[in-house]
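Architecture at a glance
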Amino acid sequence: MIDSKGSIVILTGAGISRESGLETFRDKDGIWSRVSVDEVATPEAFERDPEKVHGFYNARRRGLLDPAVQPNPAHLALAELERRWPGEFLLVTQNIDDLHERAGSEKLIHMHGELLKARCLSCGEVSAWREDMGLESRCPACGETACLRVEVVWFGEMPFEMEAIYDALEACDLFLSIGTSGNVYPAAGFVQAAGAAGAWTVELNLEPSAGHSLFDEARYGPASEVAPAFVKGLLDAI
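Every value quoted in this text rests on a predicted model; they were computed, and no experiment measured them.

1. Remarks on the pattern of salt bridges
Enumeration over the complete set of coordinates arrives at nine salt bridges. Ionic pairing is found between Arg102 and Asp98, a salt bridge with its closest N-O pair at 3.0 Å. Residue Arg102 is classed as partly exposed on the basis of its relative accessible area of 32%.

Structural data, given as structure tokens:
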């Protein structure tokens, strides 16, 4: 399937963090089943009612910082794979949590941004942010208030570092998708980009995704079980 000099690109989605206690967004009982995207996750919503948007992400941030929320075996396995894999490696996540970092991942792109960061609309600086955010919050860089937003990609905005991601996809030998619904573009199209470049493509998911037929191989079950098992197979073959 891939030799030890091969290049690996991994995409992770909400399914990998669900087992750490975080809610998903697109499941039938997920966040978007209870909250309207148009009210809390678009630039227009923020312009119309910034306090409501701040409140939504404040609740998400507090949930992420709950001591009970910790990296699970899937996060830890991917960090171990990064440390031990001799070839090129890139982890791309759609998740806005920091569980990959806490597990030890470093070669990581947050294509949808990061919940624990704030961007200043006045000076453009991006800062670490772990507290609640509101109109009274002051930018650590320029000192302005009523200018901060959470550093996440809202609907209608372009995901981050897409050029770097596609460069990696077009050069990889193995593309691994873990815990994703296959409904969110452009991430849902990554399997096609990797496959067209000649990569072996694998889906690890709780159940078949919307794009499951595009993969060369699939293994289904909880991410905390199937991801460590797959990683073990790769590392044992080195």
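2. Description of empty space enclosed by the protein
This structure, assessed with the given rule, holds one cavity of 30 Å³ or more. One number sums up the size of the largest cavity: a volume of about 40 Å³. Taken together, the elements giving at least two residues each to the lining of the largest cavity come down to α4 (50–64) and β6 (148–152). The greatest single-element share of the lining of the largest cavity, amounting to four residues, is contributed by α4.

3. With respect to helix α5 (residues 73–84)
Taking 1.5 Å per residue, 12 residues should reach 16 Å; α5 reaches 16 Å between its end C-alpha atoms and fits that length. Taken as a whole, α5 has its buried residues at Ala74, His75, Ala77, Leu78, Ala79, Leu81 and Glu82. Structurally, the start of α5 carries an N-cap: the backbone nitrogen of Ala74 is 2.8 Å from a side-chain oxygen of Asn72.

4. Thoughts on the packing of α5 against helix α9 (residues 223–236)
The packing of two helices is summarised by the inter-axis angle and the distance between the axes. Running from N to C, α5 and α9 point in directions that differ by 20°, and their axes come no closer than 7 Å. When the interaxial angle is binned, α5 and α9 end up roughly parallel. Where α5 crosses over α9, the two elements pack in a sense that is left-handed. Contacts between α5 and α9 pair Pro73, Ala74, Ala77, Leu78, Glu80, Leu81 and Arg84 from the former with Ala223, Ser224, Ala227, Pro228, Val231, Leu234 and Leu235 from the latter. A class-by-class count of the residues in the contact of α5 with α9 yields 11 nonpolar, one polar and two charged.

5. Here's the deal with the sheet that holds strand β5 (residues 126–128)
Read from one edge to the other, the open sheet built from three strands follows the order β5-β4-β6, with strand pairing classed as antiparallel. Edge positions in the sheet fall to β5 and β6, since each of these pairs with one other strand and no more. Neighbour-to-neighbour, the strand axes of the sheet open up by a mean angle of 45°, direction not taken into account. With three bridges joining them, strand β4 (residues 113–120) and β5 adopt antiparallel strand pairing. For Ala118, the partnering residue across the bridge sits in β5 and is Ser127. In the packing of α4 onto the sheet, the strands contacted are β4 and β6, and the crossing angle to β4 comes to about 135°.

Cut-offs used in this document
Residues numbered from 1 in each chain as written. Predicted model: local features only at pLDDT ≥ 70, side-chain atom pairs only at ≥ 80, totals over all residues. Heavy atoms only, no water. Salt bridge = Lys/Arg side-chain N within 4 Å of Asp/Glu carboxyl O. Buried < 20%, exposed > 50% of the residue type's maximum accessible area, 1.4 Å probe, protein only. 1 Å grid on protein atoms, 1.4 Å probe; cavity = no way out; pocket = protein on both sides within 12 Å on 5 of 7 lines; lining within 4 Å. Points joined across faces, edges and corners; volume = space filled by probe spheres on them. Helix = DSSP H or I, 4+ residues; strand = E, 2+ residues; numbered from the N terminus. Expected span 1.5 Å × (residues − 1). Polar contact = N/O pair within 3.5 Å; in protein donor to acceptor, adjacent residues only side chain to side chain. Axes fitted to C-alpha atoms, helices over the stretch in contact; angles between N-to-C directions. Parallel < 35°, antiparallel > 145°, perpendicular 65-115°, else oblique. Left-handed = near helix turned anticlockwise from the far one by under 90°. Contact = heavy atoms within 4.5 Å. Nonpolar A, V, L, I, M, F, W, Y, C, P; charged D, E, K, R; others polar. Pairing = 2+ DSSP bridges.

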